[in-house]
Each structure stands twice: as C-alpha cells, then as structure tokens.
Amino acid sequence: MTPTPDPWPPLPLEPWQDTMETLHLWTQIVGKVRLALTPWDNHSWHVTLYPGARGLTTGPIHHPNGTFEIEFDFRRHHLAVITANGDEHSFALEGLSVATFYEALMSALDGLGLSVDIRPTPVELPDPITPFPEDHGHASYDREAVERYWRVLLSIHRVFSVFRARFLGKVSPVHYFWGASDLAVTRFSGRTAPKHPGGAPNCADWVMEEAYSHELSSAGFWPGAGLGEAAFYAYAYPEPDGFRAAQVAPAAASYHGELGEFILPYEAVRTAENPDALLLEFLQSTYEAAAELGHWDRAALEFDADRLPAR
C-alpha cells in the first residue's frame, strides 16, 4: 500500500518562491481560458480553479466545438487538456518558461479544435508587467515543492469545506483565485455593501466593485507572496466597527493593519496537535467577529448539523 503523505507538510517560502511565482503566472493563463469561455457568475466565481485528486483543475469548460477540461497534474507534473470526446494533449511542466507554457497551451487547444483568444497579460500584479508570450524570466519548477503545496491545498480544502457546510445563507464554493493565488471561501449576510474603492493592481475597478457588491466575511490561504510566509487570512467587507480589535482564536492569529485582515501563519496550523481543529477555530472566530459586530441574522444564516437525523 502506498504510504499516506503528510497532510500538512512544511511550506517555507524562500526555497520555492521562484517556482511559486512561475506557477502563479501559469494558473493565470489557464484561468483566463476559463474566463473567456464561461458565462459570468457573480463575484467572478466563474473564473476559479479547484483542487483535485491530481492537482488543480478548471472543471468542465464548454467551447463551441465541445467540452474540455484543463488540469495541472502535480503527480506526473504535466498539464493536460482533456476533451469529453476522449482526446487528450499533455506536456511536461519542468523546464518551461511562462512564454513556452503559453505557447504550448495555445498550441494544444488549437490542435484539439478549441482555439480561444485571451488577454495575454497578468492581472493583480504590480508593474512592470510582462505579457505571457514575452516572459522568459519565470521558468522555475521544483517538483517536490509543488507536490507539497498541492497537499496543503487539499488539506485546506477539506477543512474549508467543513466550515462552508455550516452556513445556510449564500456562500461561495471553496475555490482557487488565480489573480492573487489564494484558496478561499466566502459567506454573505444577504445585504448589499458600499461601493468598493477598487485599486487592485492591473485589475479594472469594476471587477472589485462587483466582487464586493454584498456584505461578506471571507477567509483564505496564501502561499506566501506579500507576507514572507504561507498564511491564512480572514476579513470582512465592509469592516464593522471594532472588528480589528476583536478577540479571535487561536493565540497565533493577529490583525494586520496594512492588509486589513486577520492573519494566521500556516506554520502555527501545521505544527498544532490538531491542525484541522485549530484552523476551524480561526475560521469560526473571525466569522463570528464579523457577524456579531456587523449584526448579521445568525439564527437564519447558520446551520446546525447536529439537528440532522443519524445516517
């Protein structure tokens, strides 16, 4: 029997930062293919990727010439384009720059009769921005680090899914936003929110305005960009009075004034006696701070699984 890998492996940023940056840009290319061919869903939910049993996947994409899926296979370290007709084209990820990845994916889609045009520039990254077809600088791929990252995403998906199931109101899927390279889940109070100011780099303000059109409490995970380490985050929009001073758990969590979010280092979760329970504590306590201070109708929005009959 294949030994079970560590579900919460170490994920120090420095050894794999170059790989992380390359992978981030690759996911943007794949995500933009889904964006180009998928009907708009509220809060940009139609563009996301999803952790899967072999890596990250788009799920089904419907092209005029048929349905297909794009999968990052982090077991074989390939990218695969798989059609509903049984055709498949895959290529190895190691040794590819962003430019060669872009060319290989567009060629694969063309060869399968699934041609698509995308805007070939990254989003949510500061200037200077290099278009994908011209980016030969990002070309790192550490197989072992990518596998560890994928295992982390699977564990987080498991815990986030438990947390998501406790809510009766509008709640997002557990999904991977390639703009900021984060796995996230978001709950909504049902009320509209003030117009968001926008300001995300190289991202139209209207995208952020639509994403934050309704009052929400959101949590997610970043692999490390911007913080210097992998970490979980939680925030509310609009942020209610007193939120940043709220007492949340666990003790390792703190409010980051510049980001306007509570932060919990991944290392604190990974090394905990019960990582799942510690992460759920963070998710629940930060949500409760947002819901209580924002006067959400918690009795109507929350779900008590203990009320279900035994299965």
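The preceding data block contains the structure.
Rules of the game
- Residues numbered from 1 in each chain as written.
- Predicted model: local features only at pLDDT ≥ 70, side-chain atom pairs only at ≥ 80, totals over all residues.
- Heavy atoms only, no water.
- Buried < 20%, exposed > 50% of the residue type's maximum accessible area, 1.4 Å probe, protein only.
- Helix = DSSP H or I, 4+ residues; strand = E, 2+ residues; numbered from the N terminus.
- Pairing = 2+ DSSP bridges.
- Expected span 1.5 Å × (residues − 1).
- Polar contact = N/O pair within 3.5 Å; in protein donor to acceptor, adjacent residues only side chain to side chain.
- Lys, Arg positive; Asp, Glu negative; His and termini not counted.
- Salt bridge = Lys/Arg side-chain N within 4 Å of Asp/Glu carboxyl O.
- Contact = heavy atoms within 4.5 Å.

### Description of the pairing of strand 10 (residues 231–237)
Part 1: For strand 10, the buried fraction is high: seven of the seven residues fall into the buried class.
Part 2: Of the two faces of strand 10, the one carrying Ala231, Tyr233, Tyr235 and Tyr237 and the one carrying Phe232, Ala234 and Ala236 are both buried.
Part 3: As judged from the seven bridges shared by strand 9 (residues 214–222) and strand 10, these two strands associate in the antiparallel manner. Its bridge partner being in strand 10, tryptophan 222 is matched across the sheet by alanine 231.
Part 4: Alignment of strand 10 against strand 12 (residues 261–265), held across four bridges, turns out to be antiparallel. Note on strand 12: the bridge partner recorded for alanine 231 is proline 265.

### Structural notes on helix 3 (residues 143–164)
Part 1: Over its 22 residues, helix 3 runs 31 Å from end to end, which matches the ideal 32 Å to within 8%, given 1.5 Å per residue.
Part 2: For helix 3, the set of buried residues is Ala145, Val146, Arg148, Tyr149, Trp150, Val152, Leu153, Ser155, Ile156, Val159, Phe160 and Phe163.
Part 3: With a side-chain oxygen positioned 3.1 Å from the backbone nitrogen of glutamate 144, the residue opening helix 3 is aspartate 142.

### Points about the side chain of arginine 34
Part 1: Along the chain, the position of arginine 34 falls in helix 1 (residues 17–37).
Part 2: The side chain of arginine 34 is buried and forms no salt bridge, while aspartate 41, the nearest opposite charge, is found at 7.1 Å.
Part 3: A distance of 2.6 Å separates the side chain of arginine 34 from the backbone oxygen of threonine 48, its partner in a polar contact.
Part 4: Apart from residues lying up to four places away in sequence, arginine 34 is in contact with Trp45, His46, Val47, Thr48, Tyr50, Thr58 and Ile61.

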